[in-house]
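Chains, contacts and geometry: an overview
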Amino acid sequence: MNEPDTPPVPNAEAIPDPNAEAIPVALLQTNPTMTRWFASRLWWLTLVCGMVSLGLFWYSRQNTGSLITIAFREGHGLKPEDRLTYRGIEIGAVEKIELNPERDGVVAHVRLTPRARSMAADGAKFWIVRPMLSIDAIRGLDTLLGAKYIAIDPPSVGARAQSHFVGLDSAPIISPVDGSLEISLDAKSRGGLENGAPILFRGFRIGNVVQVSLAMDARTVRARCAIDPEYRDIIRNNSKFWNRSGWRLEFGLSGLKLDADTLAQMLSGGIEMATPSEPAPGVSTGHRFFLYDKPEAEWLAWQPSMAHGQAWSRLAPKMPQPIRIALRWQERSFGFRTNQQRSSWCLPLSDGSVLCLAEQIDAPKSALADSTRIEFAGVSLSPSQFQVLNTTSEASQDSSVDKVGRFTTSEPIADDVVRWPVDRVAGKLPDAVCDVLIAHADSSSVVAIDAGRLKKTPMGWEIDDQVLVDRDYHGLPVFSSEASQVIGFVFVNKQKRMIVR
Amino acid sequence: MDIPRNHERSQGRTAAAAIAAVLLFPAAILLPILEVEQLGHHHQSSILGGIIELFRNGNYFVAIVILVFSILLPLAKILALIELSWLCTLQQRHRAWTYRLMEQIGKWSMMDVMLLALLVMLIKLSGLVQFHFGPAVVAFVLCVTMSMIAAICFDPHAIWESP
């Protein structure tokens, strides 16, 4: 194009032509012609059309989900256009299904919907849903009449994308709900235990047996169990499990006695559990328990009070965090100076003050002047370093029951102390008794007390003898989940166990 | 000098429109043109995909008819137009031959007819199945329009009157 006399577009035919045939007219065309040729404004339209075309390809690519292949051992009558469903909605469709080259399985090509693209990642499990009848449930009934479909157990978020999968022969073992506690139980024999058998606490289902299998060394039978998230706090280190599979037929003087709970349990077996009245700390996933053949009489009498349930698991991180507090003073007895101390719990508040039992601030009259010290959160305060805001100790009718006091200090307190919002402290006990939780620094020691176990008295709420609240709970803040407020403190002495304010 | 300039301008327009049509052509035949939803089944097909489907099902006659008349011939016509307008270096006789060929092809290229078929289907089937057009429809309509513009802009006199 640099030389004006050459044709703008050399044509394969144009070059040999000049000598062989007539005058090559086209050769006379020059550059200016070319410019005029491109002068048409229609070229803008060409550009637009090209962009539209590219845009459409791009748009279409955005809107077509990825194609994945799933290898199954059996087709189970799966056809093209059958669906891939998750949580009951379609997230893909089978495009074609064919025999694999080795002829020992089938390969399903599935087109995912654009939104479900992230489903095709490492860890996704696929299986073909077909009608199944089992003891406790009828599954996939919809496939009896309608089309078969592929179900998916989605991969974890952020897993590496993948497009080739190997499908499962049957529905996977129920994947435990997020946050559930997985434990394993070792038993001497299977004893009629089936996958999916319930785990019962006081006859109440709190979890499931996920899988029963022989242990690696074949010495025991291992049952992998999942405890539902809301009941995970019931399982403690010292919990006992026993198999109550099947049914017992006893024939004795009293007659014939059939012992079975429910029909489902009779057929699939079940595991019963109990936690001692003094619950040990909770366990974490992977904990192993022994599965006994039958319960000991003692286990059945255990009556622990443990905070549990959805309300509790939601509350757990929002519970007050009490810390230890000690009051030290010196007394003169028989002419000697002796050191005395009493310790309990206190609750630091967001305004910088600290809430605790009044007895924790007031040293007895017998204490030597200037010998009292309050120690908490790593600081030791002399009387001049703290200021009592209010104590009702003197006004109290019964001197054996102390009320709650509050003090502030000018001394800096460690930053890691969790402070409880001051607006979530009730001024007095509610008018009527309600369900309460006794907050504890160790969340597994939190005690739940049902309203039925509390009795209202002029001094405060008396705690029923059945509830295990010992001396160590003295001074712990009491939290009402209903009001989400700290309503009082536990007071424990030799005679009484109370909630006071 | 005025007359050839006009010819050149017409050739430029033809080339622009024809090239636009060529650019849109792949989008029109490869992308899904119809998305049909029937009894919960979702199915989408492109023109080329539909033809392949017809071949698979053994409807060779219909498949060949559609393939030839709405893919091959329209494409040939557009390409011929580009050749005529762009390759001005062609020999006059060759250009005349290409032009006649294009005229013949043009009669048989039925791309626009297919658009009509789609429209008929939309009206007829709208009660039975739920379906909507895919992105290819845009490309298809534009492609038909562009090839029409190219054909209109083309001035056959240029073949004989250009130097």
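Residues numbered from 1 in each chain as written. Chains lettered and ligands numbered in written order. Predicted model: local features only at pLDDT ≥ 70, side-chain atom pairs only at ≥ 80, totals over all residues.

In terms of regular secondary structure, chain A is built from seven helices and 32 strands. Here chain A holds 501 residues, and 29% of them are scored as buried. (Helix = DSSP H or I, 4+ residues; strand = E, 2+ residues; numbered from the N terminus. Buried ≥ 20, exposed ≤ 12 C-beta atoms within 10 Å, placed from the backbone.)

Once that is clear, we can look at the overall build of chain B. Along the backbone of chain B there are seven helices and three strands. Beginning at the N terminus, the succession of helices and strands in chain B can be written as α-β-β-α-α-α-α-β-α-α. Across chain B, contacts joining residues at least 24 apart in sequence account for 79% of those joining residues at least 6 apart. (Contact = placed C-beta atoms within 7 Å.)

Residue and element names in this part refer to chain A. Mapped onto the elements of the fold, glutamate 194 is located in the loop between strand E10 (181–187) and strand E11 (198–201). Given 17 C-beta atoms within 10 Å, glutamate 194 falls into the partly exposed group. When the C-alpha atoms of glutamate 194 and valine 210 are compared, they prove to be 8.8 Å apart, with 16 residues separating the residues in sequence.

What follows deals with the pairing of strand E28 (residues 454–457) of chain A. Residue and element names in this part refer to chain A. The pairing of E28 with strand E29 (residues 460–463) spans four bridges and is antiparallel. Paired with leucine 454 across the strands is isoleucine 463, a residue of E29. The hairpin turn running from E28 into E29, its antiparallel successor, is two residues long. (Pairing = 2+ DSSP bridges.)

What follows deals with the environment of aspartate 351 of chain A. Residue and element names in this part refer to chain A. With respect to the secondary-structure elements, aspartate 351 resides in the loop between strand E20 (336–348) and strand E21 (354–357). Aspartate 351 sits in the partly exposed class, given 13 other C-beta atoms within 10 Å. Residues aspartate 351 and tryptophan 420 lie 69 residues apart in sequence; the distance between their C-alpha atoms is 8.8 Å.

Adjacent strands of a sheet pair through backbone hydrogen bonds, lying either parallel or antiparallel. Residue and element names in this part refer to chain A. If you trace the seven strands from one edge of the open sheet to the other, you get E27-E26-E30-E31-E32-E29-E28, paired in antiparallel fashion. The strands lining the two open edges of the sheet, one partner per strand, are strand E27 (447–449) and E28. In this sheet, neighbouring strand axes are inclined to one another by 30 degrees on average, regardless of whether the strands run parallel or antiparallel. Direction of pairing for E29 relative to strand E32 (residues 497–500): antiparallel, over a ladder of two bridges. (Axes fitted to C-alpha atoms, helices over the stretch in contact; angles between N-to-C directions.)

Residues and elements named next belong to chain A. Inspection of the sheet shows E10 paired to strand E13 (residues 221–227) by seven bridges, in the antiparallel sense. Looking at the pairing, isoleucine 183 lines up with cysteine 225 of E13. Sheet topology note: the strand E12 (residues 204–214)/E13 ladder contains seven bridges and is antiparallel. Paired with valine 212 across the two strands is alanine 223, which belongs to E13. Between E12 and E13, which pair antiparallel one after the other, the connecting turn spans six residues, and alanine 218 there sits at a positive phi close to 65 degrees.

Turning our eyes to something else, we now look at helix H3 (residues 42–63) of chain A. All names here are of chain A. The end-to-end C-alpha distance of H3, which contains 22 residues, comes to 31 Å, matching closely the 32 Å that a straight helix rising 1.5 Å per residue would cover. Among the residues making up H3, those that are buried are Leu42, Thr46, Cys49, Ser53 and Leu56. Considered in projection along H3, the buried side chains sweep an arc of 80 degrees and stay on one side of the axis. Away from its buried face, by an angle of more than 90 degrees, H3 presents the exposed residues Trp44, Met51, Leu54, Trp58, Arg61 and Gln62. (Expected span 1.5 Å × (residues − 1). Arc of directions from axis to C-beta.)

In this section: the environment of isoleucine 413 of chain A. All names here are of chain A. In this fold, isoleucine 413 is placed in the loop between strand E25 (404–409) and strand E26 (436–438). A sequence separation of 34 residues divides isoleucine 413 from valine 379, and the C-alpha atoms of the two residues are 7.0 Å apart. Not counting residues within four places of it along the chain, the set of residues in contact with isoleucine 413 comprises Pro348, Ala377 and Val379.

This brings us to the sheet that holds strand E2 (residues 83–86) of chain A. Residue and element names in this part refer to chain A. Pairing within the open sheet is mixed, and its seven strands lie in the order E5-E8-E2-E3-E4-E1-E9. Sheet topology places strand E5 (125–129) and strand E9 (164–166) at the edges, where each strand pairs with a single neighbour. Across the sheet, the mean angle from the axis of one strand to that of its neighbour is 30 degrees, orientation sign disregarded. With five bridges connecting them, E5 and strand E8 (residues 149–153) associate as antiparallel partners. In the sheet register, tryptophan 127 faces E8, and the bridge partner there is alanine 151.

Residues and elements named next belong to chain A. Looking at chain A, pLDDT values average 77 and 78% of them are 70 or higher. Taken as a whole, residues 1–20 scores under 50 in pLDDT and shows 25 contacts with residues more than four places along the chain or in a different chain. Low pLDDT, under 50, characterises residues 393–401; the predicted model gives this stretch 16 contacts beyond four residues in sequence or across chains. (pLDDT = per-residue confidence, 0-100.)

Residue and element names in this part refer to chain B. Across chain B, pLDDT averages 77, with 80% of residues at or above 70. Ranking the elements of chain B by mean pLDDT puts helix H7 (residues 157–161) last, at 67, and helix H6 (residues 136–153) first, at 86. Across the interface, the model reports ipTM at 0.79; the global pTM reads 0.45.

In terms of nonpolar packing, the biggest core is built from 47 residues, with Cys356, Leu437, Ile438, Val478 and Val490 of chain A touching the most fellow members. Among the elements that make up this core, the one with the highest residue count is strand E31 (residues 485–492) of chain A (five residues). Shared between two domains, this core takes at least three residues from each, and those domains are domain 3 (323–409) and domain 4 (422–500) of chain A. Apart from the residues lying within four places of it in its own chain, the contact partners of leucine 437 of chain A are Ala307, Met319, Val446, Ala448, Phe479 and Ser481 of chain A. Listed in part, the 39 residues of the second largest apolar core include Leu56 of chain A together with Ala139, Cys143 and Phe154 of chain B. (Core = buried A, V, L, I, M, F, W, Y, C linked by C-beta atoms within 7 Å. Domains from an automatic or database assignment.)

Attention shifts here to unusual backbone geometry. All names here are of chain A. Phi is positive for glutamate 81, close to 75 degrees, though the residue is something other than glycine. Considering the arrangement of structural elements, one finds glutamate 81 in the loop between strand E1 (67–72) and E2. With 15 C-beta atoms counted inside 10 Å, the residue glutamate 81 sits in the partly exposed group. Here arginine 103, not a glycine, exhibits a phi torsion of approximately 65 degrees, which is positive. In this structure, arginine 103 sits in the loop between strand E3 (89–99) and strand E4 (106–112).

The next point concerns the packing of H3 of chain A against H6 of chain B. At a closest axis distance of 10 Å, the pairing of H3 of chain A and H6 of chain B adopts a crossing angle of 160 degrees. What the angle tells us is that H3 of chain A and H6 of chain B run roughly antiparallel. As for the relative orientation of H3 of chain A and H6 of chain B, their crossing is left-handed in sense. Residues Cys49, Val52, Ser53 and Leu56 of chain A of H3 of chain A lie in contact with H6 of chain B, whose contacting residues are Val138, Ala139, Leu142 and Met146 of chain B. Residue classes in the contact of H3 of chain A with H6 of chain B are distributed as seven nonpolar, one polar and no charged. (Parallel < 35°, antiparallel > 145°, perpendicular 65-115°, else oblique. Left-handed = near helix turned anticlockwise from the far one by under 90°. Nonpolar A, V, L, I, M, F, W, Y, C, P; charged D, E, K, R; others polar.)

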